[in-house]
Amino acid sequence: MSIEIEKITEKDTFPLHVLTSDAEVMKWVGNGETWTLRKVEKFIKYCIEEQKLKNTDRYNFFYKITLGKEFVGIIGLHKYKYEDEYNLTFYLGKSFQRKGYGSESFRLIIKKFKKNKPKVKKIIADILEHNIASIKA
């Protein structure tokens, strides 16, 4: 069984809420705060709207990470400060961390991304300074 990245759908509301409401997961991401159900629903709605656009017109590319039918986390590339810079963000469930799933997901999203945004020159990883495992990857 291998890691895959797939479109985010409304069916992902519950697993994404479980993931993003876990303080042990979210301490490694962004501002370290957990998400409310409302924030998860808003994020999923946004992702679904973004996915309706042609990939060449999109500025944000978020996908769920799966292992078979199991929800592992989410990964995304979104426009940073300039047109040719994008920011990488990913969230992995605790039981999936430190197994190479984040690195494999990154390879998959880059493969998709290069086809649609060939002019992008820089991807910046959104990793907190105390997340040594992700920095080394």
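The structure under discussion appears in the preceding block.
An account of the accompanying structure is given in this report. (Residues numbered from 1 in each chain as written. Predicted model: local features only at pLDDT ≥ 70, side-chain atom pairs only at ≥ 80, totals over all residues. Heavy atoms only, no water.)

A short note on the overall build of the protein chain
Then step 1. When you go through the protein chain residue by residue, the secondary structure sums to 5 helices and 5 strands.
Then step 2. Each helix and strand of the protein chain, ordered N terminal to C terminal, gives the series β-α-α-α-β-β-β-α-β-α.
Then step 3. Taken over 137 residues, the protein chain has a buried fraction of 41%.
Then step 4. Put simply, 62% of the contacts in the protein chain that link residues at least 6 apart link residues at least 24 apart.
Then step 5. A total of about 8600 Å² of accessible surface is found on the protein chain, and carbon and sulfur atoms cover 52% of it. (Helix = DSSP H or I, 4+ residues; strand = E, 2+ residues; numbered from the N terminus. Buried < 20%, exposed > 50% of the residue type's maximum accessible area, 1.4 Å probe, protein only. Contact = heavy atoms within 4.5 Å. Areas by Shrake-Rupley, 256 points an atom, 1.4 Å probe, with all protein chains shown as cover.)

Looking at a positive patch on the surface
Then step 1. A cluster of basic side chains, namely K7, K111, K112 and K115, defines a positive patch on the protein surface.
Then step 2. By secondary structure assignment, the location of K115 is in helix 4 (residues 101-116).
Then step 3. Residue K115 is classed as exposed on the basis of its relative accessible area of 66%. (Patch = residues over 30% accessible without salt bridge, like charges linked within 9 Å, V, L, I, M, F, W, Y side chains within 5 Å. Salt bridge = Lys/Arg side-chain N within 4 Å of Asp/Glu carboxyl O. Lys, Arg positive; Asp, Glu negative; His and termini not counted. Charge placed at Lys NZ, Arg CZ, Asp CG, Glu CD.)

Remarks on the side chain of Q51
Then step 1. Relative to the elements of secondary structure, Q51 occurs in helix 3 (residues 37-51).
Then step 2. Not counting residues within four places of it along the chain, the set of residues in contact with Q51 comprises K7, I8, R58 and F62.

Overview of helix 4
Then step 1. End to end, helix 4 covers 23 Å across 16 residues, agreeing with the expected 22 Å (1.5 Å per residue, within 8%).
Then step 2. Where helix 4 is concerned, the buried positions are Y101, G102, S105, I109, I110, F113 and N116. End-on, the buried residues of helix 4 take up no more than an arc of 165 degrees, which puts them together on one face. In helix 4, the exposed residues that point more than 90 degrees away from the buried face are K111, K114 and K115. (Expected span 1.5 Å × (residues − 1). Arc of directions from axis to C-beta.)

Observations concerning the pairing of strand 4 (residues 85-92)
Then step 1. Summarising burial for strand 4: 7 of the 8 residues are buried, a large majority.
Then step 2. Judged from the 7 bridges that link them, strand 3 (residues 70-79) and strand 4 form a sheet pairing that is antiparallel. Paired with I74 across the strands is Y91, a residue of strand 4. (Pairing = 2+ DSSP bridges.)

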